[in-house]
Amino acid sequence: MSSTVVVGLQWGDEGKGKIADYLAASADLVVRFNGGNNAGHTVIVDNKTYRFHLLPCGVISGKRVLIGSGVVLDPSVTLSEIDSLKSLGIQVNLGIDYKTHIITPYHRILDKLEDSVQGKRGAGSTRSGIAPAYADKYARVGIRFEDLINKYLIKKKMEFAYKRVKKLLSLYPIKETSEFKDFSKEYIEYGTKLKKYGSDVSAEVNEAIDNGKSVLFEAAQGALLDIDHGVYPFCTSSSVIAGGVCTGVGLSPKKIGKIIGVVKAYTSRVGNGPLPTELPKKQANYIRNKGSEYGTTTGRPRRIGWLDLVAVKYACRLNGVDEIALTKIDTLSGIHKIKACIAYEYKGKTLTSYPSQPSILSQCVPIYKEFSGWGLNQGIKSFEQLDSNCKEYINFISDFCQVPVSIISLGPRREETIKA
Ligand code: IMP
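Figured I'd write up the structure that's included with this text.

If you tally the helices and strands in the chain, you get 14 helices and 20 strands. The C-alpha atoms of the chain give a radius of gyration of 21 Å, which matches the 22 Å a tight globule of 420 residues would have. Principal-axis analysis of the C-alpha atoms gives the chain an extent of 65 × 50 × 40 Å. Burial statistics for the chain: of 420 residues in total, 57% are counted as buried. Partitioning the intrachain contacts of the chain with sequence separation of at least 6 by distance along the chain shows that 76% fall at a separation of at least 24. The average position of the 57 basic charges and that of the 42 acidic charges among the side chains of the chain differ by 4 Å.

In this section: the site of the ligand. As a structural note, the neighbourhood of the ligand is formed by 17 residues, with Asn 38, Ala 123, Thr 126, Thr 236 and Arg 300 the closest of them. Within the side chain of Asn 38, a nitrogen or oxygen atom sits 2.8 Å from an oxygen atom of the ligand. One nitrogen or oxygen atom from the side chain of Thr 126 is found 2.5 Å from an oxygen atom belonging to the ligand. Burial of the ligand by the surrounding chains reaches 97%, relative to a free accessible area of 470 Å². Tallied by class, the residues present in the shell around the ligand amount to 6 nonpolar, 8 polar and 3 charged.

This part takes up the nonpolar core. Val 205, Phe 217, Ile 324, Ile 329 and Tyr 393 are the most contacted members of the largest nonpolar core, which has 60 residues in total. Per-element accounting of this core gives the leading share, 6 residues, to helix α14 (residues 388-401). Not counting residues within four places of it along the chain, the set of residues in contact with Phe 217 comprises Ser 3, Thr 4, Val 5, Val 6, Val 31, Phe 33, Val 205, Ile 209, Val 245, Val 249 and Leu 251. The next biggest cluster of nonpolar side chains, apart from the first, holds 52 residues, and it includes Val 43, Val 45, Ile 60 and Ile 102.

Time to look at the packing of helix α3 (residues 105-118) against helix α6 (residues 151-169). In contact at an axis separation of 10 Å, α3 and α6 are set at 15 degrees when each is read in the N-to-C sense. Relative to α6, α3 is oriented roughly parallel. Crossing hand, α3 versus α6: left-handed. Counting all contacts with α3, which are made through Pro 105, Tyr 106, Ile 109, Leu 110 and Leu 113, the residues of α6 involved are Met 158, Ala 161, Tyr 162, Val 165, Leu 168 and Leu 169. Class assignment of the residues belonging to the contact of α3 with α6 gives a composition of 11 nonpolar, no polar and no charged.

A separate point is the pairing of strand β4 (residues 48-52). In this sheet, β4 lies alongside strand β3 (residues 41-45) in antiparallel orientation, the contact comprising 5 bridges. Pairing of Val 45 across the sheet is with Lys 48, part of β4. Counting the residues that bridge the hairpin from β3 to β4 gives 2 residues, and of these Asp 46 lies at a positive phi of roughly 50 degrees.

A few words now on the side chain of Arg 288. Inspection of the secondary structure assignment puts Arg 288 in helix α10 (residues 281-290). For Arg 288, which is buried and forms no salt bridge, the nearest opposite charge comes from Glu 278, at a distance of 6.2 Å. For Arg 288, the contacting residues outside a window of four places in its chain are Glu 293, Tyr 294, Pro 301, Arg 302, Arg 303 and Ile 304.

Right, let's talk about the environment of Ala 135 for a bit. The residue Ala 135 is located in helix α4 (residues 130-138) in this model. The class for Ala 135 is partly exposed, based on a relative accessible area of 43%. The spacing of Ala 135 and Tyr 98 is 37 residues in sequence and 19 Å in space, taken between C-alpha atoms.

Next up on the list: α14. Over its 14 residues, α14 runs 20 Å from end to end, which matches the ideal 20 Å to within 8%, given 1.5 Å per residue. Taken together, the buried positions of α14 are Cys 390, Tyr 393, Ile 394, Ile 397, Ser 398, Phe 400 and Cys 401. Where α14 begins, the capping side chain belongs to Asp 387, and its oxygen is found 2.8 Å from the backbone nitrogen of Asn 389. After α14 finishes, the residue Gln 402 shows a positive phi value of roughly 55 degrees.

Here the focus is the pattern of salt bridges. Under the criterion given, the structure shown has 18 salt bridges. Across the pair Arg 164 and Asp 136 runs a salt bridge, and its minimum N-O distance is 3.6 Å. Placement of Arg 164 in helix α6 and of Asp 136 in helix α4 is noted, with a sequence separation of 28 residues between them. We classify Arg 164 as partly exposed; its relative accessible area is 27%. One salt-bridge network, in which partners are shared between bridges, spans Asp 13, Lys 264, Glu 293, Arg 302 and Lys 328.

Here the focus is the sheet that holds strand β11 (residues 258-264). Spatially, β9-β7-β5-β2-β10-β1-β11-β15-β19-β20 is the arrangement adopted by the 10 strands of the open sheet, whose pairing is mixed. In this open sheet, the two edge strands, each paired with only one partner strand, are β9 (198-199) and β20 (417-419). When strand β1 (residues 2-8) meets β11, the two strands line up parallel, connected through 5 bridges. Counterpart to Gly 8 in the pairing with β11 is Val 262.

This next bit is on the packing of aromatic side chains. One pair of aromatic rings is described through two measures. These are the centre distance and the angle between the planes. Inspection of the entire model under this criterion finds 11 aromatic pairs. Ring centres 5.5 Å apart and planes at 70 degrees place the aromatic pair Tyr 106 and Phe 183 in the edge-to-face group. Taken together, the residues Tyr 106 in helix α3 and Phe 183 in the loop between α6 and α7 (184-194) connect sequence positions 77 residues apart. Aromatic rings pair up to connect Phe 371, Trp 374, Tyr 393, Phe 396 and Phe 400 into one cluster.

Our next topic: the environment of Pro 132. Its place among the elements puts Pro 132 in helix α4. Among the residues examined, Pro 132 registers a relative accessible area of 12% and is labelled buried. With 25 residues separating them along the chain, Pro 132 and His 107 place their C-alpha atoms 5.2 Å apart. The contacts of Pro 132, once residues within four sequence positions are left out, are His 107, Leu 110 and Asp 111.

Cut-offs used in this document
- Residues numbered from 1 in each chain as written.
- Predicted model: local features only at pLDDT ≥ 70, side-chain atom pairs only at ≥ 80, totals over all residues.
- Heavy atoms only, no water.
- Helix = DSSP H or I, 4+ residues; strand = E, 2+ residues; numbered from the N terminus.
- Rg over C-alpha atoms; globule rule 2.2 N^0.38 Å.
- Buried < 20%, exposed > 50% of the residue type's maximum accessible area, 1.4 Å probe, protein only.
- Contact = heavy atoms within 4.5 Å.
- Lys, Arg positive; Asp, Glu negative; His and termini not counted.
- Charge placed at Lys NZ, Arg CZ, Asp CG, Glu CD.
- Near = heavy atom within 4 Å.
- Polar contact = N/O pair within 3.5 Å; in protein donor to acceptor, adjacent residues only side chain to side chain.
- Areas by Shrake-Rupley, 256 points an atom, 1.4 Å probe, with all protein chains shown as cover.
- Nonpolar A, V, L, I, M, F, W, Y, C, P; charged D, E, K, R; others polar.
- Core = buried A, V, L, I, M, F, W, Y, C linked by side-chain atoms within 4.5 Å.
- Axes fitted to C-alpha atoms, helices over the stretch in contact; angles between N-to-C directions.
- Parallel < 35°, antiparallel > 145°, perpendicular 65-115°, else oblique.
- Left-handed = near helix turned anticlockwise from the far one by under 90°.
- Pairing = 2+ DSSP bridges.
- Salt bridge = Lys/Arg side-chain N within 4 Å of Asp/Glu carboxyl O.
- Expected span 1.5 Å × (residues − 1).
- Phe/Tyr/Trp six-rings, centres within 6.5 Å; stacked < 30°, edge-to-face > 60°.

Structure (structure tokens):
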């Protein structure tokens, strides 16, 4: 059996896309199981930059890519990603589970309204309609891919959604009248175009694993944004952690092989919520600009902090991580002193593990270990060739989390990756 899960161990944007692309080379199937087009992956291959929001990265390597039922799918984004890949000469071999829930413009409108009403109290959503789409799924009034591809059903369901949301809109002080209309016609067209991609993803994945094929599961977002175990309510609405593969695809936990956690050498997050290691403006700006830390989906500047190892260790526990892929070591090169948080101080006490209550986290002050900085030469091909200070930082991460660092990313390109 060969199945590998790639998950983010921070607040998303850890570089999962690049690592998934690197691992996709040896996979037969690449599968997404959570989130939607709130995600953003950037992959650079042969000097071409590919930006994805929804399709699994494996599509660039020509792999069969699948979208599981745990995803919420925006049909217009799906179609435009398919079109842009085709225009680059890439064959799209895609399967979408019939049970996958669909994002409609009504979800986007509600997401935007709710986000503006919540302001700083809310998560700072990407406004892609994610939370309202999952809310409808759990309220059992959602629209699924099987409905979208049935002309009769999608018309009925979109008309019903229109009437329902019209009532809901009256609850908000701001009216979205110009954006709000009956979208059933557009959705009938989307369904016609997407019909050929329908699949029973659970059956496909189980069969592949049973036949000894290699399956890569690609998570969106990061563990600290998980709906159950993240920093609620400053999180997303899906199950982001490795366990989400089981429900988001329809796979037994017994069939999950290796779990690779992706960690960025420092911290970033978009949106609101406590971030104990957040850096002051000047230092944050330096790292943000060097690391191009702007949201792939929204373009928002990401908040920047030192690496929070207490948070990463918590994420290792949630996911049962076997190996760490460490990214963006290059962004920190040239900085004289680098810090990593190894504990928190909370009301005069030292906390060595991540508090399960966000109200405590917001009052935690980081306790740091300081490291001497490093430089990075061109063309490094092995761990041994790295600067000794850089090796010390990597070894410390591995010892602290008690998980080996097996992959190190030294730049955005596929070839700027080494095995430790
Ligand atoms: P939503 O998922 O759009 O509802 O946004 C909820 C929170 O998760 C916000 O703070 C977003 O900025 C954050 N978020 C959602 N997707 C991503 C991602 O792919 N990377 C980083 N942050 C994300």
